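What the coordinates show
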Amino acid sequence: MAYQVFDHARVYTADASGSWAEAVSVEDGRFAAVGSSDAVRAAAPPGAPVTDLGGRAVAPGLIDAHNHFLQTSHCLTWIDARYPGVATVADLVALIARAAASGPAGSWIQAFGLDPAKLPDGPPTRLDLDRATADHPVLVRHVSGHHALVNSAALRRRVSEDAADPQGGQLMRDSGGRLNGWCLDSAMQLILPVAVDVGHHGPNIHFEAPAEDLVAALSSGSREYLAAGITTVCDAQVSRRELSAYREARRRGTLGIRVVCMPLSHQLDAFLATGVAGPLGDDRLAIGPMKFYADGALSGNTACFRTPYGPAGEFAGILYHEPDELSSLITRAQAEGWQVGIHAQGDRAIEMSLDAIEAGATGGSGRHRIEHAGYPADQLERIGRLGVIPVSQPGYLYDFGDTFLTALGERAHDLLPLRAELELGITVVLSSDSFVTTYKPMHHISAAVNRRTRTGQSIGADQALTVEEAIRGYTIDAARSFYAEDRLGSIEPGKLADFVVFESDPFAGSPADLAGTGIRMTVLGGDTAYQSTSE
Ligand SMILES: [Zn+2]
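Computed from a predicted structure; not experimentally measured.

1. Some thoughts on the overall build of the protein
Across its full length, the protein holds 18 helices and 24 strands. The globule rule puts the C-alpha radius of gyration for 535 residues at 24 Å, and the 23 Å found for the protein is close to it. With respect to the principal axes defined by its C-alpha atoms, the protein has extents near 80 × 55 × 50 Å. In the protein, buried positions account for 56% of the 535 residues.

Okay, structure coming up:
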C-alpha cells in the first residue's frame, strides 16, 4: 500500500517541541504528513485508504537502546529460574532435578535469570545443584548475565580446584577454600561452553548453540518485541555468533525489527585491520557503537564503587581492565572513528570511563555512551561537558531496588539521577538491558515515572520523569544515542514510518497503570507488523 492515512488519534510526535497531532499519513514506508485530521486528509491523494484509530494514543515506535535481543530470544528456550518462579533454593533444586529426569545423561542443563539476593535461604552453591543431579553438567545464569553457578560435574570438565582467578573475574570459594561453583564476570569463560573467546573484554554470554536455533529464536523474538511496541533495538554485545545469526535472519526475511549491533571490544583489532567502523549498514541491520566493559554488575554486586558497598561493606567491585588499558583501547577505537559505549555502573568505573573517553577525544562531539551509568555521583557535570550519553535502565529500580536499598543505603536514592541529567542538558536514554529485566518498554517507562521498588519502597523519588520525558528516552533520544535521529525516533514527515498505537492512553492515565498499558498496533516502515486480536 503506497499511501495510507491513520486518522482519529492522539499522536505524541516526540518532535523538537513535543507537539501533538490528530492524524498521520504514510507513503512508501515514510511519514508523509502529520497534523490535524483535516490537513492530513486534504494532503492525501483521492481514494487513499484511511484507518480509524478510534481516538487512541500514538507514539513513535519504541527504541530499546540497550537490549540483548538475541540472548533474550534464545534464553526463552532455557529453564526459567527468574523470581518469583524460583523463590527458594529448594525451588531451584526441584527445577533442575525435573530437567535432569527428562534429558539424556551428560547433556547440559541450562537455566537463566537466578537472583540469589531474593532467596531467603540463598545463595545456592554447587552442592545444592549436585543434589539435583550428578549426571548432567548444570549451568544457572545469574540474572545480571555477569555470573553463573555450575555444579561439580560442570566444574570438573573445565577447571581444577587450584585454578587461578582471571583478570576481570573471580572463581568464588567457600570458607574452606574450595570452589563453590560461582564464576563471576570474566571467569564465566573458564567454565562455560562458549562459542567465542572474548578474553577479559566482558562476561562471556556467547554460549554454544546450533546456528539454526539462534536464527529461529530471532524470528519468535521479533514477534514478541513487536507485540510490546518495539521497532528498533541496539544489541549491546555482539560477537561473530550474533552478527552471523542477524545476517541470516535478515536474509530469510525473519528479522522483524530494526537491529543496531554493538560489537564487543575483543574484536577491536579485527575491525581496525579492515578499516570498518560504525555507524555502518542500513535501516534494518547496522553496526553502531563499539561496546567496552569497565566494571561488573550492579545487580550482581560487582559494580565498582569508590566506597565499597553491601550489608557489611564487602563488595569492592570488579574491573575488567586496568585504567591505562581501557584508555588505550578507547583511544585506538576513537582514532578510527568509532563511537564507544562503555559499561560502567559504579562511580569509580564511570570516572575511569570518562577519563578514557577524554584521553582519546579526537576533537568534535563524540557522542559517546556510558551504558547503565548507575551511580555517577560527582561525575554528572563532566558527563554533560563531554557530551556523553548515559543509557539507563529504570526497570532496575523496580526489579532490584530493594536489594540496592539494602546494599547501598542512602546512596541508592542517587542511582539513575535522570531528572538531574535533564537539568544539565544531558540526553536521557531509557532501555531495558533485557534479558536482565523484561524487554517490555512500558515496564521501564513506568519505573522512570514511579521510582518504586518491587515491594513499593520509594527510590530517588525526586528524580522521577514525566510520561512524555520517559517516552522521549525510549524514542527520539534513544535514536540520538546511535546517530539515527535523522530517520528514527519521532513522527515527522520524511522519517521512517514506525509507530505504536496504545490500547489505553499512557499520557492521560494513572501512573500506577503505566506498566500494564497494552499495545494495540505496531507499525514498522508503514507496514502493520503487529495487531492485537483483543476487542
Ligand atoms: Zn547489557
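2. So, the nonpolar core
Val24, Val58 and Ala294 are the most contacted members of the largest nonpolar core, which has 170 residues in total. Once residues within four sequence positions are removed from consideration, Ala294 is found in contact with Leu319, Tyr320, Leu326, Ile342, His343, Ala344, Ala349, Met352 and Ser353.

3. So, the environment of Asp28
The topology assignment puts Asp28 in the loop between strand E3 (23-27) and strand E4 (30-35). Its 11 C-beta neighbours within 10 Å are what place Asp28 among the exposed residues. Sequence separation between Asp28 and Ala2 is 26 residues, and the spatial gap between their C-alpha atoms is 5.1 Å.

4. Quick word on the sheet that holds strand E12 (residues 179-185)
Pairing within the open sheet is mixed, and its 6 strands lie in the order E7-E8-E9-E10-E12-E11. This sheet does not close on itself; its edge strands, each paired only once, are strand E7 (79-80) and strand E11 (169-173).

5. Some words on the sheet that holds strand E6 (residues 62-67)
Reading across the sheet, the 5 strands line up as E6-E13-E14-E16-E15 and stay open at both edges, with mixed pairing between neighbours. Single-partner strands in this sheet number two, and they are E6 and strand E15 (280-281). The strands touched by helix H8 (residues 240-252) within the sheet are strand E13 (230-238), strand E14 (258-263) and strand E16 (285-287), with E14 carrying the most contacts at an inclination of about 160°.

6. A few points about the environment of Thr231
Residue placement: Thr231 occurs in strand E13. Beyond its immediate sequence surroundings of up to four residues, Thr231 is in contact with Gly61, Leu62, Ile63, Ile257, Arg258, Asp498, Thr522 and Leu524.

7. Some points on the packing of helix H10 (residues 323-335) against helix H11 (residues 347-359)
One way to put it is that H10 packs onto H11 with a least axis distance of 8 Å and a crossing angle of 40°. With respect to each other, H10 and H11 are oriented oblique. Like other packed secondary-structure pairs, H10 and H11 cross with a definite hand, here right-handed. Along its contact with H10, which presents Pro323, Leu326, Ser327, Ile330 and Thr331, the element H11 presents Met352, Asp355, Ala356, Ile357 and Ala359. When grouped by side-chain class, the residues that make up the contact of H10 with H11 number 7 nonpolar, 2 polar and 1 charged.

8. Notes on the domain arrangement of the protein
Under the domain assignment, the protein is made up of domain 1 (3-61 + 499-504 + 518-531), domain 2 (64-68 + 212-488) and domain 3 (83-142 + 146-196). If you average the C-alpha positions of domain 1 and of domain 2, the two centres end up 30 Å apart. Listing elements by their share of the side of domain 1 that touches domain 2, those giving two or more residues are strand E5 (50-60), strand E23 (519-524) and strand E24 (527-531). Per element, the largest residue contribution to the side of domain 1 that touches domain 2 is 3 residues, and it comes from E23. Of the residues contributing to the side of domain 1 that touches domain 2, the split by class is 9 nonpolar, 3 polar and no charged.

9. Observations concerning unusual backbone geometry
Cis geometry is found at the peptide bond from Tyr83 to Pro84, where omega equals 0°. Among the structural elements, Pro84 can be located in the loop between E7 and helix H3 (89-102). The step from Gly122 to Pro123 runs through a cis peptide bond, and the omega angle for that step is -5°. Mapping Pro123 onto the fold places it in the loop between strand E8 (109-114) and helix H4 (126-132). A positive phi angle, close to 65°, is found at Asn301, a residue other than glycine.

10. So, helix H7 (residues 211-227)
The terminal C-alpha atoms of H7, which comprises 17 residues, lie 25 Å apart, in line with the 24 Å expected from a rise of 1.5 Å per residue. Taken together, the buried positions of H7 are Leu214, Val215, Ala217, Leu218, Gly221, Ser222, Tyr225 and Leu226. Lining the buried residues of H7 we find helix H2 (69-75), E13, H8, E23 and E24.

11. A closer look at the pairing of E5
The pairing of strand E1 (residues 3-12) with E5 spans 6 bridges and is classified as parallel. Residue pairing in the sheet places Phe6 in a bridge with Thr51 of E5. Pairing geometry for E5 and strand E22 (residues 499-502), over 3 bridges, is antiparallel. The partner of Val58 across the bridge, within E22, is Val501.

What counts and how
Residues numbered from 1 in each chain as written. Predicted model: local features only at pLDDT ≥ 70, side-chain atom pairs only at ≥ 80, totals over all residues. Helix = DSSP H or I, 4+ residues; strand = E, 2+ residues; numbered from the N terminus. Rg over C-alpha atoms; globule rule 2.2 N^0.38 Å. Buried ≥ 20, exposed ≤ 12 C-beta atoms within 10 Å, placed from the backbone. Core = buried A, V, L, I, M, F, W, Y, C linked by C-beta atoms within 7 Å. Contact = placed C-beta atoms within 7 Å. Pairing = 2+ DSSP bridges. Axes fitted to C-alpha atoms, helices over the stretch in contact; angles between N-to-C directions. Parallel < 35°, antiparallel > 145°, perpendicular 65-115°, else oblique. Left-handed = near helix turned anticlockwise from the far one by under 90°. Nonpolar A, V, L, I, M, F, W, Y, C, P; charged D, E, K, R; others polar. Domains from an automatic or database assignment. Expected span 1.5 Å × (residues − 1).

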